[in-house]
Each structure stands twice: as C-alpha cells, then as structure tokens.
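Chain by chain, the residues run as shown.
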Amino acid sequence: MFDKNTIIAFFLIALIMIFMPYYQKHYLEKDAVPAGPGQNIVSTTEKTEPVEVSAAPVYQHSGEENGLTPTLTGKEKQLVFSTKQYYLTLSNRGGGTITQFRFKDYLKYNGNYVRLFNEDASGNLGLEFPVTSQENLSFNDIPFYSDLFEKHSHLDTIAVYDPLAFLLVLKTEDNKVIERTFTLYPEGYAFDLHLTLKNFHNLVPDMTYTINWYDGFDFSERSIQDDLNYSYVYSKVGTEQISLQLKDKPQSIRTDGDARWVAVRSKYFFASVVASSKDGLRTDIEGWKTKTDRFFKAALFMRLSSEPIQDDSFRIILAPLDEEYLTSLGYGHEHVMNWGWRLIKPISVGILRLLKFMRGFIPNYGVVLLIFSFLIKILLYPLTHKSYESMKKMQELQPLMAELKEKHSKNPQALNQETMKMYKEYGVNPLGGCLPMLLQMPLLYALFIVFRTTIELRGASFVWWIKDLSSPDVIFTLPFSIPLYGDSVAVLPIIMALTMILQQKMTGASQANQQQKMMMWFMPLFFLLIFNNFPSGLNLYYTLFNLLTIIQQKYFINPSVHAKLSLQKEKIGKQKK
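Heads up: these notes are all about the structure in this document. (Residues numbered from 1 in each chain as written. Predicted model: local features only at pLDDT ≥ 70, side-chain atom pairs only at ≥ 80, totals over all residues. Heavy atoms only, no water.)

1. Focus on unusual backbone geometry
One can expect most non-glycine residues to show negative phi and most peptide bonds to be in trans.
In step 1: Not every positive phi belongs to a glycine, and Leu 125 is a case in point at roughly 75°.
In step 2: The topology assignment puts Leu 125 in the loop between strand E5 (113-115) and strand E6 (126-130).
In step 3: For Leu 125, a relative accessible area of 0% translates into the label buried. (Helix = DSSP H or I, 4+ residues; strand = E, 2+ residues; numbered from the N terminus. Buried < 20%, exposed > 50% of the residue type's maximum accessible area, 1.4 Å probe, protein only.)

Here you go:
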C-alpha cells in the first residue's frame, strides 16, 4: 500500500496535519493588563446549602419608597443560582454582573466543574455610558438594591426549578434610575436581561450606552496552549460575522451598523450578549494573549432614546460549543465553530452528526469509532481495492520497465511512448495507487477537525488508558522534549506506526529496492512523530482503519487481485505468441 506511487498521498496528509494549527491560528479569524473595573471579587468556590425558589414573580422595589440612594460605599453581595445545567454567580454590583459561571455537565481534567471566569472576574454584563472617546461613566462598582439579594446571605445558592425573575435597581441623587430585571430558566444555557433607563436621555453627548463582556475565560483544558489557540472574540453586525483571534499583541475591531450580538469563546465554551428587542448601533471587540493568559472585551453599543424612559432586552448565553444547541437558538452562533475549509465543512458536520446518532444507541464513543471505522472501510473498499490492484500491476511491470529504460536510454521520447503503450496494454494507471489515497484526504482532515474541536468527544473515554478521545492518550511524560514528538508518550500512535509497517510488508515493500525499503521505515516513523500530539480519537480511528485494511487485504483483496493479474498475464502472453 505504500509503494512510491502512494508516498505523495501520505506526505500531503502529514503536511495537512502539521500545518493545521498554523492555519487555524493565522487564517481563521498580553502583557497582563487588568481585565476590567472592580477588584477583590469574592471566590465563588465556597459551598452553601441551596435555597429553593419556584415560580417567583418579578421582585418590585423602588429606591425612592425605601429612601435608598446607593453609593460607592454600599455593600457588595453575591448569590449563586443553580439550574439543571449550571451555577451562575451574580453580584449586586453593576446591577447583576457575572463573577462566575460553572457547568454541571462538564468537568476539567482534575475532576472539578468547568468554570468560565477567573477568581477576580468583574464587569461581565457591565453597564457603561461613553462620555468621551477615552472616558466611560461606569456603574460596575456600584451595588444595586434587590429584594431577592436582601433576603439571602452572601453566596447563598438559590435553586431555580421554575422561571425566576428578579429586579436590581439603582436610583441616583439626580433622580436617574436603572432597573435590571433578570429572568432565569431551569433548563438551557440562556437567560434574559431587561434594562430600563429613566431620565438618562440627556446624559451623554453621543447618546449611547454599552453592555460588555469584560473578562477572559479561565482555562478548562490540560493543555493551556491548546486552549489559547482557540481564543476568539466575535461580533455580528447585519449579516456579517466578524472574527478576531487573539494574538500576542493587542487588536481591536469596531464595526458600525445593525449590531446583533457580541461573543467570546475558548476551545470548547462560548458566551454571548444578544440584542433581542432591537439592534444596537455598533460593536467593539478587542483582545490579546500571552503564553499563560488571555484578555478580551466585547462591547455592544445601544442607542439612548430621546424619551425619559427606555426599555431594552437582551438574551445572555453561556454555553458549550454544541453545534445542535447553538443552531437551535437561531442567532447564527453555530458559525463560530471551526469546521475546516469551506469544502470540508459538510464532511465534518456530517461525521459529527453520524457519530452523535450512533452514540444514541451505543453508550461508548470508542465503540462508536470501531463501528464507524468498519463502515468507512466498507464505503472505501472499491478505492482500496483499486489502489492495491494498480500498485500490484506496477510491481509486475517493474522488470519490463527496466528493459525499456535500458533499450531507450538515449531516446527519452521513445521511452515515454513505449512506457505509455505498455501501460495501455496492461490496463495500468500510474496514478491509480495514489489517487484513491488523495480522495481519502478530505475525510481524514474532517476527522481531525471533529476529534480536535467538538465538545461531544471532550472527556469521552474508551477503555483502559484511553480516558479522553479529544486529547492524546499519554501514559507518561519524558524529562526532555523531542522535536515534533514533544515530551509526552502516547500509545496509539506507536500501534498505528506498527500497523503501517505491517501493511507495507504485506505489499512486498521489504523486497523492493533500497529507496522503497527506506520509505517503509521513514513514513511510519514520520507519522509516529506528528500523530503523537493528536487526539486519541483520531489515532484510534486510523489504527482501527489500518487493522481492517490488513484483514481486508489478506483475506479479500489479495486473492482477488492476484487471480485477476494471473488471468491478465496469461491473456497477454497468448496474444504475443
């Protein structure tokens, strides 16, 4: 299977795998700086007993009725809201800014809940009024009043069994009022924020305000660098989605128009603010990263009404990058997912949906991959058969080609004519061994995308040491690093390389010329080096595919091809006589 006609195919596949991270980094579109206003946010890791709240009405409160005029010296309080899918920690500062968000269905490699924000997170969902190009009037440090927050102690956990709405309100000394009403739901990853502004219509020159994401995501993956490579900020203006991938220097993009939403993402998780009642004026997105940290900000600019009272609504989404869920929301968020090149995307999406469908009947994704490999092998059987048949024919013609080269050593044109005549006589396509492998490249590339970037395979185990199909199946770490290979030793790439050697031995490469013998060892070694840091799911698939090819070749292809070649040689021999 690895004669010199197919080496090009495998080499191109290897190049795709090597340069894929660079493609994603540069074409898919910190020195540490404070992530936003507000410091000393209390850790949300403290555990408290949940307080049940169900079917509660909107909590109504007037600052004027209670004689409350909050100031910067007011007391901060945080509450934890528990739904079926997450824990949401809100601070009364800023009228309900998010200080932490933890997923119940997704764990970090150390067994703790995935949390989106750092311990000192602040300003997320913050409200600001641009006064000048360099100065904002911010309410992020001011505690708002809320009946619900008053009834509970700091960091109490409130279980949300039915839709829960509650109000946070601020009245200033000059009779300006901000009311922020949150509506949480027991299921799903989205909730609503309704904002009412009273007497803000003459506040600022350009008559705008912003709702912001103001902090970076915490790292959820074992490989920080891998997580950093998928750090993006997005905005949707009109029908255009703008993407900004974080790099090692600050970048920013401002886009004017009908602003729909702004969003940020890590490798597997996503947060967005959607203008659900009416479009905004523009968006600002910015960010950068270092080797150990990242910062991003996304601001959605809304127009201030000339009326004394203004009402705007927003949908807030903090979710896993689940293509099916994001599509169901109807905002186009599914387009932030990386599916590869445009021509590859349908294959990637199709593979994921097939795997998820099979997962509905089979509880283990590793077993799903076993069956998937078998199905792909059946589908590609004609290509594999044709490739091997073409290769064997070329091997049979090697002595005749050597004679032709000797006979026409001084006449290249005659050599070419006689060679093509011989190919036609024996029914040989010199590219027949390589072309089928090239046709499989889109599938292999799509599998790489699926195993590396889709959350469905994140943390999915198979057997024994294979604990996560989305990451390498590392069994131990070396005290040094090897170029291309790294410092981690994974098992599946070793098995895969051995199956490649066995395949080549079965094709007769060990009896070929010295150059082919060298290639028999070079290609498996090359693949071992580059596949060592690839997801174990991809290595599992490729290893299984190789094993099935060996079985197929030994018991199905070999007898058929050799019988066909014998008949062909006999027929040609009779014609020559």
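2. Let's talk about the environment of Tyr 268
In step 1: Locating Tyr 268 in the fold gives a position in the loop between strand E15 (251-265) and strand E16 (269-275).
In step 2: Exposure remark for Tyr 268: the relative accessible area of 1% places this residue in the buried category.
In step 3: The spatial distance from the C-alpha of Tyr 268 to the C-alpha of Arg 458 is 8.4 Å, given a sequence separation of 190 residues.
In step 4: Filtering out sequence-adjacent residues up to four positions away, Tyr 268 remains in contact with Glu 221, Pro 320, Leu 321, Arg 452, Thr 453, Thr 454, Ile 455, Arg 458 and Ser 470. (Contact = heavy atoms within 4.5 Å.)

3. Some points on the environment of Gln 440
In step 1: For Gln 440, the position within the fold is in helix H9 (residues 435-453).
In step 2: Among residues more than four places away in sequence, those in contact with Gln 440 are Leu 380 and Phe 545.

4. Some remarks on the nonpolar core
In step 1: Counting residues in each nonpolar core, the largest one holds 121 residues, and the members touching the most others are Phe 81, Phe 166, Phe 191, Tyr 209, Phe 314 and Leu 318.
In step 2: Among the elements that make up this core, the one with the highest residue count is H9 (nine residues).
In step 3: Counting eight residues, the second-largest nonpolar core is a separate cluster that includes Met 394, Leu 397, Met 422 and Tyr 426. (Core = buried A, V, L, I, M, F, W, Y, C linked by side-chain atoms within 4.5 Å.)

5. Digging into a nonpolar patch on the surface
In step 1: A cluster of nonpolar side chains, namely Val 367, Leu 370, Ile 371, Phe 374, Leu 375 and Ile 378, defines an oily patch on the protein surface of about 480 Å² accessible area.
In step 2: Among the structural elements, Leu 375 can be located in helix H6 (residues 365-379).
In step 3: Judged by relative accessible area, Leu 375 falls into the partly exposed class, the value being 41%. (Patch = residues over 30% accessible without salt bridge, like charges linked within 9 Å, V, L, I, M, F, W, Y side chains within 5 Å. Areas by Shrake-Rupley, 256 points an atom, 1.4 Å probe, with all protein chains shown as cover. Salt bridge = Lys/Arg side-chain N within 4 Å of Asp/Glu carboxyl O.)

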